[in-house]
Amino acid sequence: MDEENSPLVKAEPGDDSDQQSDETESCIKDMLQEMQSKERGKRPQAATVLATIAPATAVPEQSTPLEHDENSFYNVHSDKPQSLKMCTGELDIVLEPKLAGPVYNAANLALDRALLNRADMWHQVIVHHGNGCTRQKILEALFGSYSYCDFFPVAYRRHANADFFLLRMCSQVLLKMFEDGLQLKAGSMALPISVRLGAARFHTGQIFPRQTITKAVQERCDNAAQYGDIAVLNLDSFAEHASLRELCVYLGNRAQFEVVCSAIAQAMAGNACISRLRLGNNDISHMSLLAALKDTKLISLDLRGNRIKHPSSLRLLKDIPLVELYVEGNNLTDVPDYEKIIRSFFPNLLKLDSNLTQTVTTKAVHDDAEEEEEVEITSPGTVITEADLNPGAFQKYNITPHWHKVTVHHNGVCNKQDILDGLFHLLGRHVFYPCYYKTYSKQDEFLVQNCFDALLFLVKQKLKLPIPAYNTVLKLALAMNVAEASDTDVQPLRKLERFVNKRFKLGCLDLCSMQDELNECKVVDFCAKSPSTLAYMLEFAARKYGNSCLVVRLRNNDLRNCAALESLSKFYKLVSLDLRYNALSKISDLQGVPWNNITELFLDNNPLCGTMRSTLEYVRKVRQYFGMLQQLDGRTLLGNFTYCQNFLCTPEAYKFAESFVKHYFALFDSFQRGDLQELYHPKAQFSMTCEFDIERSGQQQDAQLDRQVSYAQHSRNLLQFKDSLDRAVSKLIVGNERIGYVLTSFPKTEFDFCSFRIDVPVFTPDRVMITVHGRMHEDEVSALGQVSNIGFTRTWYLQPCGMGTNLFHDAIEYKIHNDMLHMYSMTQEGNDAFGQRNEATPVAENGMDTSMQSDDSDRENAMIVFKELTQLNRAWCKRCLEESSWNLKVALNIFLKLYESKRIPKIAFKDDIP
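Positions within a chain are numbered from 1, following the residues in the order the chain's sequence is written. pLDDT decides what is reported in this predicted model: residues at 70 or higher carry local features, side-chain atom pairs at 80 or more are listed and counted, and totals for whole chains, interfaces and linings draw on all residues regardless. Side-chain measures here rest on the full set of heavy atoms in the structure, leaving out hydrogens and waters.

Going by an unreviewed UniProt entry, the protein carries the name NTF2 domain-containing protein and comes from Anopheles melas. In its Subcellular location (unreviewed entry) section, the UniProt record describing the protein reads: "Nucleus". The protein has a UniProt comment under Sequence similarities (unreviewed entry) that states "Belongs to the NXF family." UniProt positions are given in the numbering used here, feature names are shortened, and annotations may be inferred rather than shown by experiment.

Okay, structure coming up:
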């Protein structure tokens, strides 16, 4: 460099200035070499010293060094001060290791909590990656681990071996880091973390994360026209805002998004032009925070490209009158019918993504129906998986009132109903109400509360859920204490109480076919056959209606036992119990029924009815549980005799069997019996056997014997024809015309439909088998005043033969291919047992007992209630009810008028004569 251009002061010859200049320059060079040997990047202090000395030294041209070099090595244990220059204009932050606390790592976790909680200190977090993990992955891991905490990383600096950032007033995050052993899980890697508490002092003028975010939002609002539209607040990719370069912004973090939502509400309140909001590509997942905008003029919301998992989370925004909503690019679009779910929250929505929508008419909410708010998960909770099960340690969650999350990993094998069925089957005796159920492609999740026993049982089962329908076992995961409970959350027990109140009317608790109505309950899933669910409903009903309830109906609930019926002992006036059409398979399933005063019981159409060998056994065993029983399955008990009821292999067979039996026996009893041959296939086969004691009565030679002989001549009992099989073959009647001739040769009969027991063991599209057991008597014998009944068992085998014509539409026509009839003499006990028909249970025209029909059940319940209230006998009760068209209120008014006018005789209050 030329001497005249040198910035150094020129020295006279012989002066000591040359020597001083040389010494100064040499000193500076030594200092620079020493600094460069320790680190490649120039520190701010060195740059300041160089800038101060440069006018007095002849240093060659040199560019201003960068604050730090991302390829440089960071010395964690260096005690030299370091100034972090803020590129966004705030005051620098000076790290002073000598004044800070010790460096904490996995080997030293005994932190100074007093220093941790100081608001005037910056704390330094150092992530050691060894150049094996990018900045983006580290930040994703950090925000993924601490998404529910106040987490505002400042001054993030990248180095070759480690990255660091600063935190202030984020003590919850730091505590969790120490609880995790100062390790960060980033994918398959576990990165060590070091923490230096009190690494720098906070001074006024330094970056303040919340204010910085608020100012950035306000800037976008003030300059809305520059970002696209004067009516749009554009916060797409908000983390890329120029003023946020020294702050790691991730709106998937609840605390950061809360600041943004508050700033949006404030900005829109001051700018009347803003009516649309864009929040795309911000990793947003916490929807409840956007509810702060309900008082704004927001009509359009863009949430594309975020991390919203389920459409039900948008329910929290239902108070915002949105007209446009964009949700493409979120996981919620993978949920079936997500559009329908979203439209149900926003009745005025006109556009959803690119689709125009129709206005949805919302139903008015009744006073007894509460609107529950969606539970916002505020913590990742304590995750319990198959790898860390400990029933003993799990006891600490016994008294927690918080919400817990259950995740079911099904990989698309099962649907929601399969999973719920498996859970309720496994946990039927435990209180368990899944709430806020969300379905995804690979896993489902829901929340539960106040069900520690059920969760403990799952833990003891190694968090495995058997699904018998698919012969598979699903894995579960629990996350404990993910959200705090509040008064606006769903209350499952209150829903059950409202359900019971709705089902109680005029002394009758009607809990028939509960599942369909329970499925309509929003937010929570119930199982009608769950013992714990049914037990609570009956317990509540007993407390409220125990002194007024006379009838309890529990039909069509697929009940497999009576363990939930313990509360029946608290229904002090209960006289009738209906358990028809359930799944009680053996008599021991009635265990759990307490001592009671029930006089009327319905058990027909349960599998246990088909297990009884005789009516005597049936009544005797039932009376072990119902000692005061007077009526069973709609029939008055005479001693220990009644009849067994029907068993059908599938509910779809009921109407078919009812129609066929009605039609067949109606023709058989009529003068048109010959028309029966049209029901048989041209090649049908008919065979019959009979067991009449003809030899014993042979001396009498009465008309009864002659009629029995008319049946016996067609009997083909193979045991009697074992020496002459040709005779047995000749007794087989083949062809519909021959069958019709034989049937018309039988005496005129009348069948007692009350005695019928109908079985349908086979019911498929290709074949149907129907068996009828019952009794009949002949008209001629009845006309002479004699009582002699014939028992029979008849089995038909039917197959479809084509299409026929029904009254209103085409129908499949069936023909009988095989008909087997067995007849026998009934004992005197049998005649007495089935001697008289009960007036309370009339026989319908179709031959089926109308006690199986809901209308007749309503009448019987009205009879019970009216009898209990008036103390009249059944005959007078029936008279009053019939005159009032079975309207209970009208009947009571009639009774009061007759009683006040003293027109009811004393005999009307006497008990019925059996």
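Moving on, there is more to tell.
A. Geometry of helix 15 (residues 653-669). Here helix 15 spans 24 Å end to end across 17 residues, near enough to the 24 Å set by a 1.5 Å rise per residue. Between buried and exposed lies partly exposed: a residue is buried under 20% and exposed over 50% of the maximum accessible area for its type, with that area taken using a 1.4 Å probe on protein chains only. Each helix is a run of DSSP H or I of at least 4 residues and each strand a run of E of at least 2, with the numbering of both proceeding from the N terminus. Here helix 15 has its buried residues at Ala653, Tyr654, Ala657, Glu658, Phe660, Val661, Tyr664, Phe665, Leu667, Phe668 and Asp669. In this scheme, a helix's expected span is set at 1.5 Å multiplied by one less than its residue total.

B. View of the packing of helix 6 (residues 209-222) against helix 7 (residues 254-269). Running from N to C, helix 6 and helix 7 cross one another at 40 degrees; their axes reach a closest spacing of 9 Å. Considered as vectors, helix 6 and helix 7 are oriented oblique to each other. Judged by the sense of rotation from one axis to the other, the crossing of helix 6 with helix 7 is right-handed. When helix 6 is examined against helix 7, the residues Arg210, Ile213, Thr214, Val217, Gln218 and Cys221 are found in contact with a partner set consisting of Val259, Val260, Ala263, Ile264, Gln266 and Ala267. The angle between two axes is taken between their N-to-C directions and runs from 0 to 180 degrees, where each axis is a line fitted to C-alpha atoms and a helix contributes only its stretch in contact. Throughout this description, any angle smaller than 35 degrees is read as roughly parallel, any larger than 145 degrees as roughly antiparallel, any in the 65 to 115 degree range as roughly perpendicular, and the remainder as oblique. Note on convention: the crossing is left-handed when the near helix lies turned anticlockwise from the far helix by less than a right angle, right-handed when the turn is clockwise. When checking whether two residues touch, look at their non-hydrogen atoms; a contact exists if any pair is within 4.5 Å.

C. Spotlight on the pattern of salt bridges. We define a salt bridge as a side-chain nitrogen of Lys or Arg found within 4 Å of a carboxyl oxygen belonging to Asp or Glu. By the definition in use, this model includes 26 salt bridges. Where Asp302 meets Arg278, a salt bridge forms, and the shortest distance between an N and an O atom there is 4.0 Å. Highlighted residues: Asp302 in strand 11 (residues 300-302) and Arg278 in strand 10 (residues 276-278), separated in sequence by 24 residues. Using a relative accessible area of 5% as the deciding quantity, one classes Asp302 as buried.

D. Fine view of the environment of Leu798. Examined against the element boundaries, Leu798 turns out to sit in strand 33 (residues 790-805). For the pair Leu798 and Ala684, spaced 114 residues apart in sequence, the C-alpha separation works out to 9.8 Å. Discounting chain neighbours no more than four positions away, the residues touching Leu798 are Phe660, Asp766, Arg767, Val768, Ile770, Tyr814, Lys815 and Ile816.

E. Structural detail: the packing of aromatic side chains. Pairing of aromatic side chains here covers Phe, Tyr and the six-membered ring of Trp, requires ring centres within 6.5 Å, and sorts the geometry by plane angle: under 30 degrees stacked, over 60 edge-to-face, intermediate tilted. All chains considered together, the criterion is met by 34 aromatic pairs. Ring plane angle 75 degrees and centroid distance 6.4 Å describe the contact between Phe751 and Phe756, whose orientation is recorded as edge-to-face. On the basis of relative accessible area, Phe756 is assigned to the buried category, the value being 4%. Throughout this description, the term charge over a ring refers to an Arg CZ or Lys NZ atom that lies within 6 Å of the ring centre and within 35 degrees of the ring normal. Note that Arg168 overlies the ring of Trp122, its terminal NZ or CZ placed 5.7 Å from the centroid. The ring centre of Tyr326 lies 4.6 Å from the NZ or CZ of Arg304, which sits over that ring.

F. Spatial organisation of the sheet that holds strand 11. Strand pairing is assigned whenever DSSP detects at least two bridges linking the two strands. One open sheet holds the six strands; their spatial order is 9-10-11-12-13-14, and the pairing between them is mixed. The open sheet is flanked by strand 9 (232-234) and strand 14 (355-356), the only strands paired with a single partner. As paired elements, strand 11 and strand 12 (residues 324-326) share three bridges and run parallel to each other. Residue pairing across strands places Leu301 opposite Leu325, the latter belonging to strand 12.

G. Layout of the nonpolar core. Buried Ala, Val, Leu, Ile, Met, Phe, Trp, Tyr and Cys residues form a nonpolar core when they are joined through side-chain atoms within 4.5 Å. The biggest cluster of nonpolar side chains holds 98 residues, and the ones touching the most others in it are Leu314 and Leu325. Examining the composition of this core, we find that ten residues originate from one element, helix 7, more than from any other. Start and end positions for the domains come from either an automated domain assignment or a database one. Two domains each put at least three residues into this core: domain 1 (82-201) and domain 2 (209-356). Beyond its immediate chain neighbours, meaning those up to four positions away, Leu314 contacts Met287, Leu303, Leu325, Val327, Leu332, Ile342, Phe345 and Phe346. Residues Val375, Tyr436, Val482 and Tyr536 belong to the second largest nonpolar core, which totals 61 residues.

H. Quick look at the pairing of strand 6 (residues 162-167). Taken across its six residues, strand 6 has six buried, putting it largely inside the fold. Where strand 4 (residues 121-128) lies against strand 6, six bridges are found, and the strand directions are antiparallel. Within strand 6, the position partnered with Ile126 by the bridge is Phe164. Pairing analysis gives two bridges linking strand 5 (residues 154-157) to strand 6, with the strands arranged antiparallel. Bridge assignment links Val154 to a residue of strand 6, and that residue is Leu166. Hairpin connection of strand 5 to strand 6: four residues between the antiparallel strands.

I. The arrangement of the side chain of Lys405 in detail. Here Lys405 is to be found in strand 16 (residues 403-409). With no salt bridge to any partner, buried Lys405 finds its closest opposite charge in Glu445, at an N-O distance of 4.0 Å. The contact partners of Lys405, leaving out residues within four places of it in the chain, are Ile377, Glu445, Phe446, Leu447, Ala477, Leu478, Ala479 and Val482. We count Lys and Arg on the positive side and Asp and Glu on the negative side, and we leave His and both chain ends out.

J. Molecular detail of the sheet that holds strand 26 (residues 631-632). An order of 21-22-23-24-25-26-27 is seen for the seven strands of this open sheet, with the pairing classed as mixed. Sheet topology places strand 21 (504-505) and strand 27 (635-636) at the edges, where each strand pairs with a single neighbour.

K. Expanded view of unusual backbone geometry. A positive phi angle is found at Ser237, which is not glycine, with a value near 50 degrees. Turning to its location among the elements, Ser237 is positioned in the loop between strand 9 and helix 7. With a phi angle near 65 degrees, Lys462 is a residue other than glycine that sits in the positive phi range. When you line up the elements, Lys462 lands in the loop between helix 10 (452-460) and strand 19 (464-467).

L. Structural detail: the side chain of His123. Its location among the elements puts His123 in strand 4. Not counting residues up to four positions away in its chain, the partners in contact with His123 are Leu115, Leu116, Arg118, Phe165, Leu166, Leu167, Leu174, Arg196, Leu197, Gly198 and Ala199.

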